[in-house]
Amino acid sequence: MKRRKFLKNATLSTASLAVGATIVNCTNDKKTPTPILKKTPKASLPLVVATWNYPNATAAAYKVLKNGGTALDAVEAGCKVEEADIKNQTVGKGGLPDRDGNVTLDACIMDKNGNCGAVVYLQNITHAITVARHVMENTPHVMLAGVGAEQYAYEIGLKKENLLTEASKKAWEKWKIKSKYKPIINIENHDTIGMLAIDKNGDISGACSTSGLAYKMAGRVGDSPIIGAGLFIDNEIGGCVATGLGEEVVKTVGSFLVVELMRQGKSPQDACEEAIKRIVNKPNSDFKNFQVGYIAVNKQGETGSFSIHQWFSMTKFQDGKNENIQSQFIVKA
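The notes below deal with the structure included here. Treat the numbers as computed from the prediction; the structure is a model and nothing was measured.

**Considerations on the overall build of the protein chain**
In step 1: When its secondary structure is counted, the protein chain shows 10 helices and 13 strands.
In step 2: Each of the 333 residues in the protein chain was classed as buried or not, and the buried ones make up 52%.
In step 3: The contacts in the protein chain between residues at least 6 apart in sequence include a share of 66% that link residues at least 24 apart.
In step 4: Summing over all exposed atoms, the protein chain offers an accessible surface of approximately 15500 Å²; the carbon and sulfur share of this is 54%.

**Section: the pairing of strand 12 (residues 321-326)**
In step 1: By the bridge criterion, six bridges tie strand 11 (residues 313-318) to strand 12 in an arrangement that is antiparallel. Within the sheet, the bridge partner assigned to Ser313 lies in strand 12 and is Gln326.
In step 2: Taking the residues that link successive antiparallel strands as the turn, the strand 11-strand 12 hairpin has two residues, and the phi of Asp319 there is positive, at about 55°.

**Topic: helix 3 (residues 55-66)**
In step 1: Along its 12 residues, helix 3 runs 16 Å from first to last C-alpha, staying within 8% of the 16 Å computed at 1.5 Å per residue.
In step 2: Residues Ala57, Thr58, Ala61, Tyr62 and Leu65 constitute the buried set of helix 3. The arc enclosing the buried residues of helix 3, seen along the axis, measures out at 125°, which places them on a common side. Relative to its buried face, helix 3 has exposed residues pointing more than 90 degrees away, namely Asn56 and Lys63.
In step 3: On the buried face of helix 3, the contacting elements are strand 1 (47-51), helix 4 (71-84), strand 5 (193-198), strand 11 and strand 12.
In step 4: Trailing helix 3 by a residue or two, Gly68 shows a phi angle of about 90°, which is positive.

**Some points on empty space enclosed by the protein**
In step 1: Overall, the coordinates contain two cavities of 30 Å³ or more when judged by the stated rule.
In step 2: Approximately 70 Å³ is the volume attributed to the largest cavity.
In step 3: As for the largest cavity, its lining consists of 13 residues, and the residues nearest its centre are Thr210, Gly212, Arg220, Asp223 and Ser224.
In step 4: Class assignment of the residues belonging to the lining of the largest cavity gives a composition of two nonpolar, eight polar and three charged.

Thresholds, definitions, all that
Residues numbered from 1 in each chain as written. Predicted model: local features only at pLDDT ≥ 70, side-chain atom pairs only at ≥ 80, totals over all residues. Heavy atoms only, no water. Helix = DSSP H or I, 4+ residues; strand = E, 2+ residues; numbered from the N terminus. Buried < 20%, exposed > 50% of the residue type's maximum accessible area, 1.4 Å probe, protein only. Contact = heavy atoms within 4.5 Å. Areas by Shrake-Rupley, 256 points an atom, 1.4 Å probe, with all protein chains shown as cover. Pairing = 2+ DSSP bridges. Expected span 1.5 Å × (residues − 1). Arc of directions from axis to C-beta. 1 Å grid on protein atoms, 1.4 Å probe; cavity = no way out; pocket = protein on both sides within 12 Å on 5 of 7 lines; lining within 4 Å. Points joined across faces, edges and corners; volume = space filled by probe spheres on them. Nonpolar A, V, L, I, M, F, W, Y, C, P; charged D, E, K, R; others polar.

Structure below.
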């Protein structure tokens, strides 16, 4: 059943309950507060940004936008580039496995209307982002997990693949000798590709895809597929994606926080900085031993990025220029 039909049926079945609530609400003259936005000139559109140094992904997304495609089409296309790149051991096929040797993928996507879809603990399927989009557009659900997500991928025509490449298998076998895990800043092997795009119409979409924390416990899920943590879009305000140690992003609902700070009038840069400070300033924060980074865009096309530690970066494609921009940070390497 299509999402739209499912929701329509659900709405009709509860219509009698809604009438009473509507009558009460109509007596309230208070209006919804208008978002506070800075009066800044709009940047040149279209625009695409991604976490880290992923110029091939931003190039693919920008090409979609220049050809008149939507921001949603663009972010899916961009993420698929990295999912298929077996040299990228943090996303898709070739990703580093969990401690049992299984490559498990997480992904989510969100469109201009606030619709979203996600998959967690997906195995044997390269393009997790495509499955997430199908969940969003063609099911009544937001998230599918594990075997259910894999079965749905087959139903929409995706093929089963062995995601564990020889290079990642060798890395896992080497790790098993000591079987110890300690995050190394910026080399934590969970460098999510997070992508945000604004199309020619000014509409915003975002996507996130990852193979997660290398050698994680079986079943571990980080922030990347969690709407509000790894990704959040509000088409009236802007969007944000996160990367780094997912557990810390989840604890502060990081991407939602950045967008809400922009709603209050902060620039994308200031909002990213404030969200990172929320992590750093938590009581007993161990921030010196892990990395978190955010990138964000607002409705005016302004961008921002910020991280705990030095060397996080953002790739930006705008006005025909595809560039990698080093993020500002709190802790110098």
